[in-house]
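Coordinates in review
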Amino acid sequence: MKWFAVTVCAVLALAPACSKDKKKTTPRASSGARQSGEGAGGGEATRPVSSAPGARESDSGPVVTTTNRPASRRGTSSGPRRVTITPPTRPRRPTLAREQKVQLMPMAAIKKLIAGRQYRRAIGEAKKHLEVNEKSVPAMAAMAEAYFRKGDLELCKAVLASINNLQKDHPLFLYLWGHLYLKDGSYALAVKYFERAVQKNPRLLDAWTMIGMRYLQGGSYQKGLNALLKARALPGGNTYAMNLNIGSCYRGLAHRNNNKSYYVTALNYYLEAEKQFKATAGRASKTYLPALYNKAVLFLDAKGFPGYSKVRRLQTGLRYLQMYAVLAPQKTPSAWAKEKKTVKALITRIKNADLPAAKAMARAAAAQPRRRATPGPAPR
């Protein structure tokens with residue numbers, strides 16, 4: 001019984017110490033904090049004090065604040081401090097007003113990217129528009145055109161199908177399908193789609209250009225001329241290539257209709273093409289070879305050029321063609337390799353056959369005596 005009593009007393013003596021150990025499980029003091037001496041209830045570590053009572057949670061966890069009890073009446077030492085632990089709060093989600101808005105590039109700027117062959121960037125900017133409005137037909141049209149120019153025809157067709165589902169027979173849908181038919185060699189269908197496109201939107205410059213080019217290549221000079229003149233009148237349509245093609249339409253009409261004045265009109269358009277080519281930055285000292293070649297053909301094939309004798313006309317055409325034969329191998333070697341044989345044969349024929357024959361005819365005509373005009377009646 002004596003051993004039992006001692007054991008019980010020992011357990012009771014340990015009870016206050018256990019309670020003290022529980023208090024020590026609170027957060028430790030900072031490294032620079034001192035420990036206070038033992039008071040009536042035993043010693044304990046000093047808790048970290050926040051900069052302001054009731055402060056919100058910091059990144060390190062919950063905030064712990066302490067409050068000192070008033071000093072004991074009987075003694076000078078103060079009692080244990082009361083600890084207040086503020087539970088952690090969830091971080092606030094940004095409101096819609098604070099969210100940064102997506103910066104969308106204007107569609108006109110995206111079209112400039114396509115014109116500048118920056119296809120990947122144009123596609124990326126168009127996708128931003130679709131993230132905001134998944135039914136934006138202009139963004140889809142820009143993306144489809146960029147895919148077409150880039151050569152991803154299957155992606156182009158997929159986007160065009162989406163456009164047609166949202167807006168039946170959209171002009172850009174018709175225009176791009178016209179180009180796809182050109183790729184397949186279906187020229188009649190291509191022209192049909194281009195014509196339907198300009199009916200929907202008469203300001204489609206490239207569609208008018210493609211219509212005019214196809215009619216010109218097919219020998220329908222008047223239809224080609226009408227389309228190209230409409231294209232030239234649009235903003236950005238008055239280019240050196242446009243003037244060259246219009247001149248070729250007039251040259252074809254001059255032959256077909258035996259209208260010599262059209263030769264002069266064709267020459268004026270060729271000269272305008274050369275002028276605009278040289279006005280382009282970096283081309284002031286360069287020669288526009290297509291215009292040079294077409295001027296040569298214009299003079300050599302003309303049935304009669306106003307203000308030119310046959311000898312002078314052939315000499316002028318021969319001079320242009322010889323200039324072309326000198327410059328083309330330097331500027332366009334691959335194209336020259338294909339046409340070298342034809343151009344050389346034409347130069348040889350003009351020099352050895354056509355021009356000598358024209359000079360002989362001119363000499364024979366000059367050798368014939370001129371007939372004097374019969375005088376009229378004397379004036380009264």
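Nothing here was measured: the structure is a model prediction, and the numbers come from that model.

How each quantity is defined
- Residues numbered from 1 in each chain as written.
- Predicted model: local features only at pLDDT ≥ 70, side-chain atom pairs only at ≥ 80, totals over all residues.
- Heavy atoms only, no water.
- Bend = angle between axes of the 7 residues up to and from the residue.
- Helix = DSSP H or I, 4+ residues; strand = E, 2+ residues; numbered from the N terminus.
- Buried < 20%, exposed > 50% of the residue type's maximum accessible area, 1.4 Å probe, protein only.
- Core = buried A, V, L, I, M, F, W, Y, C linked by side-chain atoms within 4.5 Å.
- Salt bridge = Lys/Arg side-chain N within 4 Å of Asp/Glu carboxyl O.
- 1 Å grid on protein atoms, 1.4 Å probe; cavity = no way out; pocket = protein on both sides within 12 Å on 5 of 7 lines; lining within 4 Å.
- Points joined across faces, edges and corners; volume = space filled by probe spheres on them.
- Nonpolar A, V, L, I, M, F, W, Y, C, P; charged D, E, K, R; others polar.
- pLDDT = per-residue confidence, 0-100.
- Contact = heavy atoms within 4.5 Å.
- Expected span 1.5 Å × (residues − 1).
- Axes fitted to C-alpha atoms, helices over the stretch in contact; angles between N-to-C directions.
- Left-handed = near helix turned anticlockwise from the far one by under 90°.

What follows concerns helix α14 (residues 333-367). The sharpest bend along α14 measures roughly 60° and falls at E339. Within α14, burial applies to W336, V343, I347, I350, L355 and A358.

Take the nonpolar core next. In this structure, L160, I163, Y175 and F194 are the most contacted members of the largest nonpolar core, which totals 88 residues. Counting residues per element, this core draws most heavily on helix α4 (residues 137-150), which supplies ten residues.

Evaluation of the coordinates by the stated rule reveals six salt bridges. Between K128 and E125 there is a salt bridge, with its nearest N and O atoms 3.6 Å apart. One end of the pair is K128 and the other is E125, both in helix α3 (residues 119-132) and three residues apart, which spans about a single turn. Judged by relative accessible area, which is 32%, K128 ranks as partly exposed.

Approximately 810 Å³ is the volume found for the largest pocket. Lining of the largest pocket is provided by 24 residues; of these, K111, E145, R149, Y175 and D206 occupy positions nearest its centre. Only α2 (107-115), α4, α6 (171-184) and α8 (205-217) provide two or more residues apiece to the lining of the largest pocket. Of all the elements, α2 adds the most residues to the lining of the largest pocket, at six residues. Per-class residue counts for the lining of the largest pocket are 14 nonpolar, three polar and seven charged.

This next bit is on the confidence of the model for the chain. Caution is warranted with low-pLDDT regions, since their predicted coordinates should not be read in detail. Mean pLDDT over the chain works out to 80, with 71% of the residues at or above the 70 mark. Considering only residues more than four positions removed or in separate chains, one finds that residues 95-99, a stretch of pLDDT under 50, has one contact.

Let's shift gears to helix α11 (residues 261-279). Over its 19 residues, α11 extends 28 Å from the first C-alpha to the last, a length consistent with the 27 Å expected when each residue adds 1.5 Å. Taken together, the buried positions of α11 are Y263, A266, L267, Y269, Y270, A273, E274, Q276 and F277. Residues of α11 that are buried make contact with α9 (221-233), α10 (240-257) and α12 (289-301).

Interhelical geometry of helix α7 (residues 187-200) versus α8 gives an angle of 145° and a closest axis separation of 9 Å. The way α7 lies across α8 gives a crossing that is left-handed. On α8, the residues touching Y187, V191, F194, E195 and V198 of α7 are A207, W208, M210, I211, R214 and Y215. Residues that form the contact of α7 with α8 fall into these classes: nine nonpolar, no polar and two charged.

Of note in the backbone geometry, R117 takes a positive phi value of approximately 65° without being a glycine. As for its position among the elements, R117 is in the loop between α2 and α3. Of note, D169 is a non-glycine position whose phi angle comes to about 55°, a positive value. Structurally, the position occupied by D169 is in the loop between α5 (153-166) and α6.

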